[in-house]
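Reading the structure
Residues per chain are reported as follows:
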Amino acid sequence: MTEDSQAISRRGFVRAGIGGTGLIGAAALGITQGGFAQGVESLGAGTHTTGPEPGTHVMPTVVGEVDHAKNGFNPTAMLTDFDGGKVSTLPSGQTLREYNLVAQNQTIEIVPGVEFAAWTYNGRIPGPTIRVTEGDRVRITMVNASDHPHSTHFHGVHPGLVDGVFDMQSGVVQPGGRHTYEFDAEPFGLHLYHCHTAPLAKHIAKGLYGTFIIDPKGGRPAVDREMVMVMAGYDVDFDGANDFYLVNGIPFHYDHGKHPITLRVGEKVRVYLVNILEYDIANSFHLHANFFHYFPTGTSLTPAEFTDTIALMQGQRGILEFSYKHPGRYMFHAHKTEFAELGWTGVFEVSA
Ligand SMILES: [Cu+2]
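Thresholds applied
Residues numbered from 1 in each chain as written. Predicted model: local features only at pLDDT ≥ 70, side-chain atom pairs only at ≥ 80, totals over all residues. Heavy atoms only, no water. Helix = DSSP H or I, 4+ residues; strand = E, 2+ residues; numbered from the N terminus. Buried < 20%, exposed > 50% of the residue type's maximum accessible area, 1.4 Å probe, protein only. Polar contact = N/O pair within 3.5 Å; in protein donor to acceptor, adjacent residues only side chain to side chain. Contact = heavy atoms within 4.5 Å. Donors = N, O, S within 2.8 Å, 3.2 Å for Na, K, Ca; no water. Pairing = 2+ DSSP bridges. Axes fitted to C-alpha atoms, helices over the stretch in contact; angles between N-to-C directions. Salt bridge = Lys/Arg side-chain N within 4 Å of Asp/Glu carboxyl O.

1. Section: the side chain of Arg131
Examined against the element boundaries, Arg131 turns out to sit in strand E5 (residues 129-133). On the basis of relative accessible area, Arg131 is assigned to the buried category, the value being 15%. Among the polar contacts made by the side chain of Arg131, one reaches the side chain of Tyr272 at a distance of 3.1 Å. Setting aside residues no more than four positions away along its own chain, Arg131 makes contact with Phe82, Asp83, Gly84, Arg97, Tyr99, Ile213, Asp215, Glu226 and Tyr272.

Here you go:
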């Protein structure tokens, strides 16, 4: 199947849902003609024949809200819920940070009316943002409360025995089992963790991933706001192609008209950006009406680039630093139109 025909079949999936002849009906999807239907129509027609008032809408979206309380997590809160773990000091003087990760089966409402049979760490997608300092001892106990084997594989430098890949000894955990991964945090930078159990694409795409930040010993230069964005997708019909794209678990969440991220002019912002997208070769991030300093993998305190768009393969991540000069409403999104139209868009609302 070519990339083009895949794209068409994915849009066909959405259209089938709108017509009520596919997996899901229009009422269930919560899509109106001002939402997805308008956007999909406009792809072929070239004009907007239906939908909201002219000029009020620039991209497809969904109408309504998923049940964040039932899901058990909210992407707005997850921007900033850095988890330092349970902190204590070892006899050697080294700081110990302890975490518990529970892998479980969980149904997530990903867009209004569409439920996805996910696998989660601690009941959320992405899993907790684990944040430690270079040189800390990190002790993670994973409990497998699901009915499939899972593991936790951390990026970073550590012994093979805690890499979470080959066998039960290195941290593949059978249903009902538990395993403790312990290592010293290095190198400083922006990393990630994810399940590394076969079939790997499925285990990741169903939701078993999260951000792992190792701060440098002296910290990074102070900023006003820090936030985490994890780019991913959902293959709702399990055909090996994504039907939705997103940051932080829920497509379209940070859109204009939903939950844009509010900033003030001049505020210094640092975004920890991780790409864990399965089934597509690459992902990207574009910031409107602005440029950012980019620190690939966060392993240097000197930026490598000053740009407005970056591309990331799966597992790649980097730190973005910027501030807005002018008040206004600014999109951030994948600079791949299909991804943006299927959920990977958001808005910074900047006030004076
Ligand atoms: Cu798994």
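2. Things to note about the coordination of the copper ion
Four donors placed tetrahedrally about a metal ideally form angles of 109.5 degrees, and six donors placed octahedrally ideally form angles of 90 or 180 degrees. Bound to the copper ion on the protein side are His150 (ND1), Cys195 (SG) and His203 (ND1), at distances that span 2.0 to 2.1 Å. Each donor residue of the copper ion belongs to the same chain, with the gaps between them written as H-x44-C-x7-H. Here Cys195 matches His203 in class, with each residue buried.

3. Some remarks on the sheet that holds strand E18 (residues 292-296)
Whether parallel or antiparallel, the strands of a sheet pair through hydrogen bonds between backbone atoms. Reading across from one edge, E14-E13-E16-E21-E18-E19 is the order of the six strands in this open sheet, with mixed pairing throughout. Each edge of the sheet is formed by a strand with only one pairing partner; in this case those strands are strand E14 (244-247) and strand E19 (305-307). Mean inter-strand twist for the sheet, computed between neighbouring axes without regard to direction, equals 25°. Bridging between strand E16 (residues 269-275) and strand E21 (residues 317-322) involves six bridges; their strand directions are antiparallel. The residue bridging Arg270 from the neighbouring strand is Glu321, located in E21.

4. With respect to the pairing of E16
Burial analysis of E16 places seven of its seven residues in the buried class, the great majority of the element. By the alternation rule, side chains of E16 split into Val269, Val271, Leu273 and Asn275 and Arg270, Tyr272 and Val274, which are all buried.

5. Focus: unusual backbone geometry
Across the junction of Glu186 and Pro187, the peptide omega takes the value -10°, indicating a cis bond. Here Pro187 lies in the loop between strand E10 (178-184) and strand E11 (189-194). Note that the residue after Ala198, namely Pro199, is joined by a cis bond; omega there is -5°. Here Pro199 is to be found in the loop between E11 and helix H6 (200-205). With a phi angle near 70°, Tyr279 is a residue other than glycine that sits in the positive phi range. Inspection of the secondary structure assignment puts Tyr279 in the loop between E16 and strand E17 (282-287). For Tyr279, a relative accessible area of 29% puts it in the partly exposed group. The backbone phi angle of Ala289 is positive, close to 55°, even though this residue is not glycine. Tracing the sequence through the fold places Ala289 in the loop between E17 and E18.

6. Considering the pattern of salt bridges
Taken as a whole and assessed by the stated rule, the structure comprises 13 salt bridges. Across the pair Arg270 and Glu226 runs a salt bridge whose closest N-O atoms are separated by 2.8 Å. Placement of Arg270 in strand E16 and of Glu226 in strand E13 (residues 225-234) is noted, with a sequence separation of 44 residues between them. With respect to burial, Arg270 and Glu226 carry one shared label: buried.

7. Details of the sheet that holds strand E1 (residues 82-83)
Ordered by their spatial adjacency, five strands build an open sheet running E1-E5-E12-E11-E8, and the pairing between neighbours is mixed. The outermost strands of the open sheet, each flanked by one partner alone, are E1 and strand E8 (153-154). Examined bridge by bridge, E1 and E5 share two bridges and lie parallel to one another. Opposite Phe82, over in E5, you have Thr129 as the bridge partner.

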